[in-house]
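Topology and contacts: notes
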Amino acid sequence: MKLSSYWLDTSEPFRHAATAPLYGRCDVAVVGGGLTGCSAALALARKGARVVLLEAETIGHAASGRNGGMCNNGFAQDYATLSARLGKERANVLYRAFDAGVDCVERLVVEEGIDCGFARTGKIKLAARPEHYDKLARTQELLAANVDPDTEMVGRDRLHEEIGSRRYHGGLIYRKSAGLHVGRFVRGLAEAAARRGVAIHEHAPMTGLRPATGGHEIDTPRGRLLAKQVLLASGISQVGPLGWIRRRIVPVGAFLIVTEPLPKETLDRLLPRRRMAVDTKNLVNYFRATPDDRLLFGGRARFAVSSPTSDAKSGAILQAALHDVFPELRDTRVDYCWGGMVDMTRDRLPRAGERNGVYYSMGYSGHGTQMSTLMGTIMAEAMDGRAELNPWKDFAWPAIPGHFGPPWFLPLVGAYYRLKDKLA
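Description of the structure in this document.

So, how was this worked out
Residues numbered from 1 in each chain as written. Predicted model: local features only at pLDDT ≥ 70, side-chain atom pairs only at ≥ 80, totals over all residues. Heavy atoms only, no water. Core = buried A, V, L, I, M, F, W, Y, C linked by side-chain atoms within 4.5 Å. Buried < 20%, exposed > 50% of the residue type's maximum accessible area, 1.4 Å probe, protein only. Pairing = 2+ DSSP bridges. Helix = DSSP H or I, 4+ residues; strand = E, 2+ residues; numbered from the N terminus. Axes fitted to C-alpha atoms, helices over the stretch in contact; angles between N-to-C directions. Contact = heavy atoms within 4.5 Å. Salt bridge = Lys/Arg side-chain N within 4 Å of Asp/Glu carboxyl O. Expected span 1.5 Å × (residues − 1). Phe/Tyr/Trp six-rings, centres within 6.5 Å; stacked < 30°, edge-to-face > 60°. Lys NZ or Arg CZ within 6 Å of the ring centre and 35° of its normal.

1. What to know about the nonpolar core
F118, F185 and W392 are the most contacted members of the largest nonpolar core, which totals 83 residues. If you look at the next biggest cluster of nonpolar residues, it comprises 26 residues, including L126, F287, A289 and C337.

2. Quick notes on the sheet that holds strand β15 (residues 295–299)
The strand order β5-β6-β4-β13-β14-β15-β12-β16 describes an open sheet built from eight strands, whose pairing is mixed. Across the chains shown, the open sheet's two edge strands, defined by having one partner strand only, are β5 (151–154) and β16 (334–344). Between one strand axis and the next, the sheet turns by 20° as a mean value, whatever way the strands run. In the packing of helix α5 (residues 130–146) onto the sheet, contacts are made with β4 (123–126), β5 and β6 (171–174), and the angle to β5 comes to roughly 155°.

3. What about the side chain of Q140?
Relative to the assigned elements, Q140 resides in helix α5. Leave out the neighbours within four places in its chain, and Q140 touches T151, E152, M153 and L172.

4. Quick look at the environment of L374
Take L374: it is sitting in helix α10 (residues 368–382). In the structure, L374 is positioned 205 residues away from H169 in sequence and 34 Å away in space, judged by C-alpha atoms. Residues contacting L374, with those up to four places away along its chain left out, are A97, A100, G101 and C104.

5. Quick notes on the pattern of salt bridges
Summed over all chains, the structure comprises 35 salt bridges. Notably, a salt bridge pairs D27 with R50, separated by 3.2 Å at the nearest N-O pair. Of the two residues, D27 is situated in strand β1 (residues 25–31) and R50 in the loop between α2 (35–46) and β2 (51–54); the sequence distance between them amounts to 23 residues. Judged by relative accessible area, which is 15%, D27 ranks as buried. Among the charged side chains, a salt-bridge network with shared partners connects E152, R158, E161, E162, R175, R273 and R275.

6. A short note on α2
Helix length check: α2, at twelve residues, gives a terminal C-alpha distance of 16 Å against a target of 16 Å (1.5 Å per residue), a fit within 8%. Listed in full, the buried residues belonging to α2 are L35, T36, G37, C38, S39, A40, A41, L42, A43, L44 and A45. Positive backbone phi, at 95°, marks G48, one or two positions downstream of α2.

7. Details of the packing of aromatic side chains
Across all of its chains, the model carries twelve aromatic pairs by this definition. Taking 5.5 Å as the distance between ring centres and 75° as the angle between the ring planes, the aromatic pair formed by Y6 and Y336 counts as edge-to-face. Taken together, the positions of Y6 in helix α1 (residues 6–9) and Y336 in strand β16 put the pair 330 residues apart, joining distant regions of the chain. In this pair, the class of Y6 matches that of Y336, namely buried. Their ring planes at 85° and their centres at 5.6 Å tell us that W244 and W397 sit as a pair that is edge-to-face. Taken as a pair, W244 in helix α7 (residues 243–246) and W397 in the loop between α10 and α11 (410–423) lie far apart in primary sequence, 153 residues in all. Taken together, F75, Y79, Y95, F98, W392 and F395 form an aromatic cluster joined through their ring pairs. Taking the ring centre of F395 as reference, the NZ or CZ of R90 above it sits at 4.2 Å. Over the ring of Y174 we find K123, and its NZ or CZ is 4.1 Å from the ring centre.

8. Side note on the pairing of β2
Of the two faces of β2, the one lined by V51 and L53 and the one lined by V52 and L54 are each fully buried. Relative to strand β8 (residues 199–201), β2 runs parallel, the two being bridged by three bridges. From the neighbouring strand, L54 faces β8, where its bridge partner is H201.

9. A short note on unusual backbone geometry
Backbone phi values are negative for most residues with the exception of glycine, while trans is the configuration of most peptide bonds. Look at R348: it is not a glycine, yet its phi comes out positive at around 65°. The topology assignment puts R348 in the loop between β16 and β17 (351–355). Judged by its relative accessible area of 33%, R348 is partly exposed. Positive phi outside glycine occurs at N356, with the angle close to 50°. Residue placement: N356 occurs in the loop between β17 and β18 (358–362). Relative accessible area serves as the criterion here: at 61%, N356 is assigned to the exposed category.

Structure representation (structure tokens):
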């Protein structure tokens, strides 16, 4: 079993990183080489800007290359709850932004010829308890009436058409959702940006950022850069002068395992429609088939940071959960196990905007593949004077009380949600 991301291990490394020292001027410096940064750099270069992208590690190293490869529409939150809090009109605008995110990914895949197995197979949200099914049914009724008629409930009597497991009590189908090989996608975006002249520097963390005549001065171990504009697409990065952001984002571990390749007839039983699948538990599990017929299974196995030891412990928990959902896979080998850190906001909604002349977009809270890609393209427009396109521009972003450094409270949060799953 490899303690590494299946997506990064099975995609070609980015091969066009700049090797020259960093110096001089550019129109825009993009900090972060994940989906937000790469899509923003590509969009800015298409507009004729001179762009430099700075990545502390390698392209796709963090959350963009360590997720479930799901490109799903819909909120992390319950639609009815969010509508009650924000108002139906605003909730619908945000819901449609996630739809637009899936469309944006598909468009870039086609326009740039990125071979990443993008397929709109849909998503199913599975009721872990009978009462969860009733709540999903109420949500689907509201969705169909207000913003997403391409949804449908599947009762337990028909659930065998969707999943070969008796663990669940029905589900809600979102037909606009898709899956893809996210490692090939993020690296494909970087290749497309490089083809358009973006200078992409790997192993070049931003260590200093300050206002300067004509823009902003950026320090890196490889040199100093003067940029007219700066976009922070840095997620939960612990490097550099990002203290204001770190007080507003909680880095939460997400852990995943991937099995050995399975016979097609096995996958046809387990996931006959190849949907992206997620359940309704607080400590959520999610799973899908990969493009090469493996089963990926992930979730919040433990509220802990990612490390080799932590990933292995989480992998054992996930393997037990996998066997609970699909008992016939008890003797199936697990080939990959890894973890990554999700940039979680307090309300699980993204944040994007401008502060002190510096632009930012992050906080996707585990629903980032589509929204991060979309927000990269939108922030390219916002930096060109079209801030009204940003769906998150009016959201306040207060600091999280008591959060000044490492998230000491994560074990308490994990214990609370484990208790809720047992009692709910």
